[in-house]
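For reference, the chains in residue letters:
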Amino acid sequence: MKLRCEVHRCTWHGLDSETLTAPDPFDIGETLTGCPSCKSANTLREACDEPDCWEFSSCGTPTETGYRRTCGKHLPKEAK
């Protein structure tokens, strides 16, 4: 899954496998996810699944080829 940090002035974007994770001390059994660049916790949001697009995803759409998470610009044609 593609992710992007929503912290102002942080420009990190990448894959969920690149993020920092740790047990959440406030919610036992849960996990905190952190930005590998600015080190902020729980500030990562899904990015558009189109290649080379890193805008935040704003819609989820079931399509014939599977579920898509895209920005408004890349809304699947089937959903328009």
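For the structure, check the block above.
Residues numbered from 1 in each chain as written. Predicted model: local features only at pLDDT ≥ 70, side-chain atom pairs only at ≥ 80, totals over all residues. Heavy atoms only, no water.

(A) Just the overall build of the chain, in detail. Of the regular secondary structure elements, the chain holds zero helices and seven strands. Mapped from its N terminus to its C terminus, the chain presents α and β elements in the order β-β-β-β-β-β-β. The dimensions of the chain, computed from C-alpha atoms along their principal axes, are 45 × 30 × 20 Å. Burial statistics for the chain: of 80 residues in total, 30% are counted as buried. Expressed as a percentage of contacts within the chain between residues at least 6 apart in sequence, the contacts between residues at least 24 apart total 32%. Carbon and sulfur atoms make up 50% of the accessible area of the chain, which totals about 5600 Å². Averaging the positions of the 10 positive and the 13 negative side-chain charges in the chain gives two centres separated by 9 Å. (Helix = DSSP H or I, 4+ residues; strand = E, 2+ residues; numbered from the N terminus. Buried < 20%, exposed > 50% of the residue type's maximum accessible area, 1.4 Å probe, protein only. Contact = heavy atoms within 4.5 Å. Areas by Shrake-Rupley, 256 points an atom, 1.4 Å probe, with all protein chains shown as cover. Lys, Arg positive; Asp, Glu negative; His and termini not counted. Charge placed at Lys NZ, Arg CZ, Asp CG, Glu CD.)

(B) Up close: the environment of C71. For C71, the location among the structural elements is in the segment after β7 (66-70). Residue classification places C71 among the buried residues on the basis of a relative accessible area of 5%. For the pair C71 and C48, spaced 23 residues apart in the sequence, the C-alpha separation amounts to 5.2 Å. Aside from chain neighbours lying at most four places away, what touches C71 is C48, C53, E55, F56, S57, S58 and C59.

(C) Summary view of the sheet that holds strand β5 (residues 44-46). Taken together, three strands build an open sheet; the order of strands is β2-β1-β5 and the sheet is antiparallel. The open sheet is flanked by β2 (13-15) and β5, the only strands paired with a single partner. The average undirected angle you get between the axes of adjacent strands in this sheet is 35°. Strand direction decides the pairing type here: strand β1 (residues 2-5) and β2, joined by three bridges, are antiparallel. Note on β2: the bridge partner recorded for K2 is L15. (Pairing = 2+ DSSP bridges. Axes fitted to C-alpha atoms, helices over the stretch in contact; angles between N-to-C directions.)

(D) Looking closely at the pattern of salt bridges. If you walk through the whole model with that rule in mind, you get five salt bridges. One salt bridge connects E6 with R45, and the closest N-O pair in it is separated by 3.7 Å. With E6 in the loop between β1 and β2 and R45 in strand β5, this pair connects stretches of sequence that are 39 residues apart. Judged by its relative accessible area of 34%, R45 is partly exposed. Salt-bridge contacts for E46 lead to R69; the nearest nitrogen and oxygen are separated by 3.5 Å. Taken together, the residues span a long stretch of sequence, with E46 in strand β5 and R69 in strand β7 at a distance of 23 residues. With relative accessibility at 28%, the residue E46 sits in the partly exposed group. Via salt bridges that share partners, D49, E50 and R68 belong to a single interconnected network. (Salt bridge = Lys/Arg side-chain N within 4 Å of Asp/Glu carboxyl O.)

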